[in-house]
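Spelled out from the first residue to the last, the chains are:
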There are 4 protein chains.
Amino acid sequence: MTLDLTAILDEIGAEMAAATDRGKVASYIPELACIDPARFGMAVCLPDGQVFTTGDAQEPFSIQSISKVFTLAMALGRMGDQFWDRVSREPSGQAFNSILQLEHHKGIPRNPFVNAGAIATTDAALAGHAPSEFLGELLQFIRTAAGDDSIFINEKVAKSEEATGDLNRALAYFMAAHGNMANPVPLALGAYFHQCAVEMSCAQLARAALFLTELPDGPRLVSAARRRRINAMMMLCGHYDASGDFAYRVGLPGKSGVGGGIMVVAPQHAGIAVWSPGLNGQGNSKLGTAAVEMLVRATGWSVFD
Amino acid sequence: MTLDLTAILDEIGAEMAAATDRGKVASYIPELACIDPARFGMAVCLPDGQVFTTGDAQEPFSIQSISKVFTLAMALGRMGDQFWDRVSREPSGQAFNSILQLEHHKGIPRNPFVNAGAIATTDAALAGHAPSEFLGELLQFIRTAAGDDSIFINEKVAKSEEATGDLNRALAYFMAAHGNMANPVPLALGAYFHQCAVEMSCAQLARAALFLTELPDGPRLVSAARRRRINAMMMLCGHYDASGDFAYRVGLPGKSGVGGGIMVVAPQHAGIAVWSPGLNGQGNSKLGTAAVEMLVRATGWSVFD
Amino acid sequence: MTLDLTAILDEIGAEMAAATDRGKVASYIPELACIDPARFGMAVCLPDGQVFTTGDAQEPFSIQSISKVFTLAMALGRMGDQFWDRVSREPSGQAFNSILQLEHHKGIPRNPFVNAGAIATTDAALAGHAPSEFLGELLQFIRTAAGDDSIFINEKVAKSEEATGDLNRALAYFMAAHGNMANPVPLALGAYFHQCAVEMSCAQLARAALFLTELPDGPRLVSAARRRRINAMMMLCGHYDASGDFAYRVGLPGKSGVGGGIMVVAPQHAGIAVWSPGLNGQGNSKLGTAAVEMLVRATGWSVFD
Amino acid sequence: MTLDLTAILDEIGAEMAAATDRGKVASYIPELACIDPARFGMAVCLPDGQVFTTGDAQEPFSIQSISKVFTLAMALGRMGDQFWDRVSREPSGQAFNSILQLEHHKGIPRNPFVNAGAIATTDAALAGHAPSEFLGELLQFIRTAAGDDSIFINEKVAKSEEATGDLNRALAYFMAAHGNMANPVPLALGAYFHQCAVEMSCAQLARAALFLTELPDGPRLVSAARRRRINAMMMLCGHYDASGDFAYRVGLPGKSGVGGGIMVVAPQHAGIAVWSPGLNGQGNSKLGTAAVEMLVRATGWSVFD
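Remember, it's a predicted structure, so these values are computed and weren't measured experimentally.

Looking at this structure, how should I read the overall build of chain A?
Within chain A one finds 13 helices and ten strands. By the compact-globule yardstick of 19 Å for 305 residues, chain A fits well, its C-alpha radius of gyration being 18 Å. Its C-alpha atoms give chain A principal-axis dimensions of roughly 55 × 40 × 35 Å. Considering chain A as a whole, with its 305 residues, one finds that 62% of them fall into the buried category.

If you want it as structure tokens, here you go:
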């Protein structure tokens, strides 16, 4: 069966444009709060490089926690499996910014995608380098994956993250108190706040997602074993305390960000990205989730079938 | 590439026979405590019905929590999506028998595979029927899936479960106190204790697992949408607080039981069952997990690639 | 300074009669739900036996958790300090019926006054006797303390407690699962539900409270060391998760019940009882607490001064 | 009955000198780790100013968390009862440095004596003043209470606290994230770390404790109502998660510090201080607790009798 992705995306775009209950835009920093909830974009990139889009798919947005996937790849590249001594790989059963589980497990975060785990991952990826150096490499990694050099960090967003980052400071100092920070907390957090401020469009993100599936050729950024494992982490923990719901409805590994983006991998089939700024109660893009659910229903790309 | 499953299973069987650190056999009831930790069996059943085995693959063992997958299918058949009002579908981030999360969520268990959730699932599947009637239907479901009428409940095991069931009683009464039990607690627990005492061999279980993937023909016990969702639940929550680890190492939906069995689904490819009575620290079969990991490495059946 | 207790109680009675915000009467069983929230009684009994009262001080009400003080005295009498191997003596920091802390401490309740601890205390006081025998002795203990043989158990209340007791069943089976129940759960709970259904008037309860202070003569039911310790437990844990607030406002050891009663000990000075059926958010009598606060302000009986 | 306090203290001193199991000296900073566990001192100061001592009662030690009592008095002086909007007054049921309860209660610490609560209390006492100004006033308060101008802060201890203060940083930033810090975190923590480094002898501390009971004359630092309430807080929460045990064994309001000191108030009777550097499992002075227990048994000063 040949898929008519143009038609499928058109239909999704039309349905999402008509949606009235669009969730709530994140409001903790002005740069996110001011985004128009009517925005919607989606892109699908096939392994051969073809890209299909709908809506605002070329509009850069703040990828926020989606960046954690790239940093995880970098940290695993630096530390190998020793990385897992510092961060567990289990769903947390708690909100993304909970400190409770961190206390229960003596400073070891549950997975690389809850906030504490992501901070520890950035700390591991720093590996003694200066934050600016790390951020340079991270951008290089993302640009290579996306095949596009015009990807940058929004300094204003990074500054705002820094200004509202007390909960992340609490998490980081808690881990430091348990000996689970290799760099000084302000330095690691500086890198973390900047990493969250990377801006990408759906088109760039969909192509970048392909580093997590087998490609006939093109850049190979991580080994097959590693990409399987990163996909597993995204499937189990990629949507905070709604990861089970995403797996149930979509059935693909994905990672959401509070900016309203979701990056999804359909192994063997495609890289997918969607953006709709309104969030559901668990902090994931409301229409974005619905859009990927529609896409999978139309394409049969669920890994569970 | 044609897979030589005979050779692959032979190699796995040989490696597992040689393993010295075999985990700890469950000891809370005598019927499990007396099982020889040296036992090991594995079976792979292809969609066309071909079965490949190694070791004690024809030996019946207590499937225990693996039964929760069949009961979930029955409960969803009875209640449809309303079932999810009674049971969430998120990983718990806690031990399988924790009551903590149940308190936090006011009597709603986190997923159908933690003990509380499984009791609620059995309670839902009872749906006003007598326990004996429910158990008859459950056996019929399993026998149809396995294509084998010689599958029974071990009454002695059921009795022992009942005798050591105080924690499950606590969970059930806690849910009852929050209005989340439809049947009297002793009745629902009676059904639950018996369901855990079903005995099957790896060969039977591997074939039964095929009800969770697409089959060219043969019995179709659940719809495509439903089997995707059951698979999602197994991937996210099938191994208690080591579900992330199983996804990371194996990358397939599976459900373990304290009897040392694991039932695994390789969508499009196979039903898989393994049995080794020794458990790891999280209550999952130690060698069983390792064996499935080997199988997936050899076959490339991970859904994440 | 001679205290004019008649005048003090008159003033308290008048102020409480005029109060409009009287809290919420417990509604989980019909026998409590139907009590008129306008009822209010208070009694103060001096060590020499003089009793001062105001309002409905002769009206029997359901003492509910106040009974836990008498059972604790009995359990300590039977087991001595070994009792504290089964029950801790720390505030719980949780709601009175929380199961969370029970899980954290592997079936050891935090203190004898949270529900789990009170069930364990009754279980200890049973000490192999039949529930009816235990209840006979408990009534005898209370009657001796109160100097009044007309104190009984309300069977209808006991039946209603039983009918709504699933949460207590959960707590009891949870302790049983951890080996912390000496009697079969239904038997211990039967005794517990009946003990909560004892009915007393403020006058009876105020006199009974004197067993917890030094008396010139009269019945001596517990040793000086033991009564100090029971008083300490009441001070630290007698008002569930509002014990700190009671200590802060009143400064005397006391124990509340969901029927709206509070028994208070003013060491060297008096036994005190108050009854007002409306409860505050923490399950303690709203006006009852306010009344004791007024009494202490007028008498200077706080132990903290 | 006239008490022979000289004889009583001699006996206590002799028994404590002979004790072999002396607990474990705190080791998280070198200044505490190096203290000789054989040290022991005790002082009792009567309302008329008479002081009785035994052992190293004139030796200054690090009062650590005992300082929280003085800061609480100052914060209440500045804010009045509004203070209790920022800090609850219930026992925590958790370790002194737990962050769990802080999450559950959205940044409101359980009481002024757990670490988070003490940091919030210092933050409240700062009230916009510079830390040095606050510390000057705090020292003045303590010196006035102790009637002794030779009480100082040990700068080396303050520096060490600062160097090992990551857990306190986590607590403070967590409260800041919930809007419960009035001053910048580093500033409030600077004041907090210095306050913990005040050094006093048992003799000084026993006299200072008298500000919490009625005095015939002499300085009156807090009102009667306030000292009752501070005493109540010490009784309920003064010994972390062993407050119930201290109430049970001693029956007096007291506050312990990790330096091995305990300050105790016997209302109407005496101010008491004890110092023995070895701690029990809950972080309170092991022999110190035993010594106060002996003293109360000999004097009958328990408030519960």
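That shown, we press on.
So what exactly am I meant to see when it comes to the sheet that holds strand 4 (residues 61-62) of chain B here?
Backbone hydrogen bonds are what pair the strands of a sheet, in a parallel or an antiparallel way. Residues and elements named next belong to chain B. On the basis of which strands lie adjacent, the open sheet formed by three strands has the order 4-6-5 and antiparallel pairing. Looking along the sheet, the strands with just one partner apiece sit at the ends: strand 4 and strand 5 (152-153). The strands touched by helix 10 (residues 202-209) are strand 4 and strand 6 (198-200); relative to strand 6, the strand with the most contacts, the crossing angle is about 100°.

What's the story with the packing of aromatic side chains in this structure? I'm lost.
Each aromatic ring pair is characterised by the separation of its centres together with the angle its planes make. A complete count under the given rule lists 30 aromatic pairs over all chains for this structure. With centroids separated by 5.0 Å and ring planes inclined at 80°, the aromatic side chains of Phe83(C) and Trp84(C) adopt a geometry described as edge-to-face. The exposure class assigned to Phe83(C) is buried, which follows from its relative accessible area of 0%. The class for Trp84(C) is buried, based on a relative accessible area of 11%. Taken together, the ring pairs in this structure connect Phe70(A), Phe141(A) and Phe211(A) into an aromatic cluster. Over the ring of Tyr248(B) we find Arg89(A); its NZ or CZ atom is 3.9 Å from the centre of that ring. Sitting over the ring of Tyr240(C), Lys255(C) keeps its end group 4.4 Å from the ring centre.

Could you clarify how one ought to interpret the packing of helix 6 (residues 131-146) of chain C against helix 9 (residues 185-195) of chain C in this entry?
How two helices sit against one another is set out by the angle between their axes and by the gap between those axes. All names here are of chain C. Two elements in contact, helix 6 and helix 9, have axes whose closest approach is 9 Å; the angle formed by their N-to-C orientations is 30°. On the basis of their axis angle, the class for helix 6 and helix 9 is roughly parallel. In this structure, helix 6 meets helix 9 at a crossing whose hand is right-handed. Along its contact with helix 6, which presents Pro131, Phe134, Leu135 and Leu138, the element helix 9 presents Leu187, Ala191, His194 and Gln195.

In this structure, what is going on with the nonpolar core? I would like to understand it.
One broad trend across soluble globular proteins is that nonpolar side chains are buried collectively. One finds Phe70(A), Phe70(B), Phe70(C) and Phe70(D) to be the most contacted residues of the largest nonpolar core, which totals 421 residues. Apart from the residues lying within four places of it in its own chain, the contact partners of Phe70(D) are Ile63(D), Leu138(D), Phe141(D), Ile142(D), Leu205(D), Ala208(D), Phe211(D) and Met263(D).

I'm lost on the interface of chain B and chain C in this one. Help?
On the side of chain C, 13 residues touch chain B, which itself brings 13 residues to the contact. Of the roughly 1200 Å² buried at the junction of chain B and chain C (both faces included), carbon and sulfur atoms supply 73%. If you look at where chain B meets chain C, you find zero residue pairs in polar contact (both at pLDDT 80 or more). Among the secondary structure elements, those contributing two or more residues to the side of chain B that touches chain C are helix 4 (100-104) and helix 8 (166-177) of chain B. For the side of chain B that touches chain C, a count of residues per class yields eight nonpolar, two polar and three charged.

Could you clarify how one ought to interpret the sheet that holds strand 4 (residues 61-62) of chain A in this entry?
Residues and elements named next belong to chain A. Reading across the sheet, the three strands line up as 4-6-5 and stay open at both edges, with antiparallel pairing between neighbours. Strands at the two margins of the open sheet, each flanked by one partner only, are strand 4 and strand 5 (152-153). In this sheet, strand 6 (residues 198-200) lies alongside strand 5 in antiparallel orientation, the contact comprising two bridges. The residue of strand 6 that forms the bridge with isoleucine 153 is valine 198. Each of strand 4 and strand 6 touches helix 10 (residues 202-209); the most contacted strand, strand 6, lies at about 100° to it.

In this structure, what is going on with helix 8 of chain B? I would like to understand it.
For an α-helix, the turn length of 3.6 residues means that residues three or four places apart are oriented alike. Spanning twelve residues, helix 8 of chain B covers 16 Å between terminal C-alpha atoms, matching the ideal 16 Å at 1.5 Å per step. Among the twelve residues in helix 8 of chain B, ten count as buried, and that is most of the element. For helix 8 of chain B, the elements touching its buried residues are helix 4, helix 5 (115-126), helix 7 (155-163) and helix 9 (185-195) of chain B together with helix 8 (166-177) of chain C.

Sorry, what's going on with the relation of the copies chain A and chain B here?
Of the two same-sequence chains, chain A is brought onto chain B (RMSD 0.0 Å, axial shift 0.0 Å) by a rotation of 180°. Put plainly, the chains are arranged around a two-fold axis. Relative to the rotation axis, the C-alpha of Gly93(A) is the closest in chain A, positioned 2.2 Å from it. A high fraction, 100%, of the interface residues of chain A reappear at the interface in chain B, so the copies pair face to face through one surface.

Cut-offs used in this document
- Residues numbered from 1 in each chain as written.
- Chains lettered and ligands numbered in written order.
- Predicted model: local features only at pLDDT ≥ 70, side-chain atom pairs only at ≥ 80, totals over all residues.
- Heavy atoms only, no water.
- Helix = DSSP H or I, 4+ residues; strand = E, 2+ residues; numbered from the N terminus.
- Rg over C-alpha atoms; globule rule 2.2 N^0.38 Å.
- Buried < 20%, exposed > 50% of the residue type's maximum accessible area, 1.4 Å probe, protein only.
- Pairing = 2+ DSSP bridges.
- Contact = heavy atoms within 4.5 Å.
- Axes fitted to C-alpha atoms, helices over the stretch in contact; angles between N-to-C directions.
- Phe/Tyr/Trp six-rings, centres within 6.5 Å; stacked < 30°, edge-to-face > 60°.
- Lys NZ or Arg CZ within 6 Å of the ring centre and 35° of its normal.
- Parallel < 35°, antiparallel > 145°, perpendicular 65-115°, else oblique.
- Left-handed = near helix turned anticlockwise from the far one by under 90°.
- Core = buried A, V, L, I, M, F, W, Y, C linked by side-chain atoms within 4.5 Å.
- Buried area = accessible area lost by both parts, 1.4 Å probe.
- Polar contact = N/O pair within 3.5 Å; in protein donor to acceptor, adjacent residues only side chain to side chain.
- Nonpolar A, V, L, I, M, F, W, Y, C, P; charged D, E, K, R; others polar.
- Expected span 1.5 Å × (residues − 1).
- Least-squares fit on C-alpha atoms with pLDDT ≥ 70 in both.

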